[in-house]
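Residue strings, one per chain:
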Amino acid sequence: MNPQAKLVFTISLLLGTIITISSNHWIMAWAGLEINTLAVLPLIAKSHHPRAIEAATKYFLAQATASALVLFSSMTNSWYTGQWDITQLTHPVSCLILTSAIAMKLGLVPFHFWFPEVLQGSSLTTGLLLSTVMKFPPITLFFMTSHSLNPALLTCMALSSTALGGWMGLNQTQIRKILAFSSISHLGWMTIIISYNPKLTLLNFYLYSLMTAATFLALNSIKVSKLSTLMTAWTKTPMLSTTLLLTLLSLAGLPPLTGFLPKWLIIQELTKQSMASAATAISLLSLLGLFFYLRLAYCATITLPPHTTNHMKHWHTNKPTPTSVAILITTSTMLLPVSPMISTIV
């Protein structure tokens with residue numbers, strides 16, 4: 001892709017995100033979402049491969065439908081209440097339609113169908129944008145309207161997303177699809193708490209974005225896209241593969257690592273809200289995700305590909321690990337000791 005065109009699309013992506021997260025009017029928020037969608041479509045389809053074109057088409061159809069529902073929800077609320085302010089969403093039908101629209105934007109169950117296919121048809125860097133930057137504006141709209149949404153519906157969608165994200169990721173061999181189902185599972189954790197403590201949802205999203213960026217950039221440095229090629233990574237970059245193991249375990253939410261912090265705080269908050277059964281259910285369902293994270297970590301660090309004695313293997317590469325990857329991996333594995341400071345900010 002032409003560097004100038006890529007710069008225009010990147011600036012448009014940032015502009016759309018900033019417009020949505022800083023607006024109080026529904027039309028401005030909708031316009032920001034549309035700018036975001038139009039800016040990321042060429043980045044998905046830039047390889048001109050049939051799978052990339054298919055991914056861009058599916059992404060456009062899903063996002064256009066969701067944007068239309070956002071506009072319809074805001075118009076319905078304005079018709080009955082006379083308010084275009086995002087925080088003044090009070091009509092029950094509008095709240096229901098908006099929940100469906102944001103769930104489709106994010107890829108929550110039952111509107112998850114497009115996300116794994118789109119991520120599979122995109123490059124790793126574009127997949128990183130779709131998993132982090134593109135989810136920030138819808139999460140912001142969820143945050144601003146959280147007091148109006150139905151907690152029972154959100155809890156049901158959250159548990160379904162965590163269950164399906166973990167279950168569907170078990171049998172995958174493509175790394176991008178595994179990370180897509182991982183994203184769906186993490187969105188369940190963010191959704192279940194948004195009605196009770198919206199700031200915890202944002203904290204979870206920030207830490208998830210940090211850990212996902214580290215994972216995507218590490219995989220992009222190793223140049224792998226499926227489990228069979230991930231097994232050759234240890235011979236090329238043993239140090240990066242070791243740190244990738246820690247990042248994957250952090251994404252799984254194991255206690256000594258950063259990923260344990262949001263899960264711990266969410267379970268604590270759910271228990272305070274007399275939702276111990278929901279906290280137990282979502283904790284048990286997250287064990288499904290732990291299985292495929294361990295599978296990825298096992299392939300990256302423990303297994304070696306079968307080879308004959310005359311097989312030529314590319315050993316240690318001289319290419320240094322990018323500084324951004326090193327910083328992201330460090331923060332996504334070692335933030336738990338400063339959790340008291342983070343929890344006071346929240």
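Reading the values: rules and limits
- Residues numbered from 1 in each chain as written.
- Predicted model: local features only at pLDDT ≥ 70, side-chain atom pairs only at ≥ 80, totals over all residues.
- Heavy atoms only, no water.
- Axes fitted to C-alpha atoms, helices over the stretch in contact; angles between N-to-C directions.
- Helix = DSSP H or I, 4+ residues; strand = E, 2+ residues; numbered from the N terminus.
- Parallel < 35°, antiparallel > 145°, perpendicular 65-115°, else oblique.
- Left-handed = near helix turned anticlockwise from the far one by under 90°.
- Contact = heavy atoms within 4.5 Å.
- Nonpolar A, V, L, I, M, F, W, Y, C, P; charged D, E, K, R; others polar.
- UniProt positions renumbered as here; feature names shortened; annotations may be inferred.
- Phe/Tyr/Trp six-rings, centres within 6.5 Å; stacked < 30°, edge-to-face > 60°.
- Buried < 20%, exposed > 50% of the residue type's maximum accessible area, 1.4 Å probe, protein only.
- Lys NZ or Arg CZ within 6 Å of the ring centre and 35° of its normal.
- Core = buried A, V, L, I, M, F, W, Y, C linked by side-chain atoms within 4.5 Å.
- Domains from an automatic or database assignment.

Undergrad: Give a description of the packing of helix H10 (residues 198–222) against helix H14 (residues 260–272) that names residues and reports values.
TA: Two elements in contact, H10 and H14, have axes separated by 9 Å at closest approach and are oriented at 160°. With respect to each other, H10 and H14 are oriented roughly antiparallel. In this structure, H10 meets H14 at a crossing whose hand is left-handed. From H10, Leu200, Leu203, Asn204 and Leu207 reach across to H14, where they touch Leu261, Pro262, Leu265, Ile266 and Glu269. For the contact of H10 with H14, the per-class residue count stands at seven nonpolar, one polar and one charged.

Undergrad: Now, about the UniProt feature "domain: NADH:quinone oxidoreductase/Mrp antiporter transmembrane" (unreviewed entry) in the protein: what can you tell me, with residues and values included?
TA: Under the local residue numbering, the UniProt record ascribes the feature "domain: NADH:quinone oxidoreductase/Mrp antiporter transmembrane" (unreviewed entry) to residues 23–288. For residues 23–288, helix accounts for 76% and strand for 0%, while the C-alpha atoms at its two ends are 38 Å apart.

Undergrad: Can you lay out the packing of aromatic side chains for me, pointing to particular residues and giving the numbers?
TA: All told, the structure shown has seven aromatic pairs when counted by the stated rule. Ring geometry for phenylalanine 136 against phenylalanine 205: centres 5.7 Å apart, planes inclined by 5°, an arrangement best described as stacked. Within this pair, whereas phenylalanine 136 is found in helix H7 (residues 136–144), its partner phenylalanine 205 is found in helix H10, the two being separated by 69 residues in sequence. The exposure class of phenylalanine 205 is buried, given its relative accessible area of 3%. The positively charged end of lysine 263 is found above the aromatic ring belonging to tryptophan 189, 5.2 Å away from the centroid.

Undergrad: Go over the nonpolar core, please, and point to the residues and values.
TA: Tyr59, Leu130 and Leu230 are the most contacted members of the largest nonpolar core, which has 95 residues in total. At 13 residues, H10 tops the list of elements feeding residues into this core. There are two domains that each give this core at least three residues, and those are domain 1 (1–128) and domain 2 (150–309 + 318–345). The residues contacting leucine 130, other than those within four sequence positions of it, are Val40, Ile44, Tyr59, Phe115, Val118, Leu119, Ser122 and Lys135.

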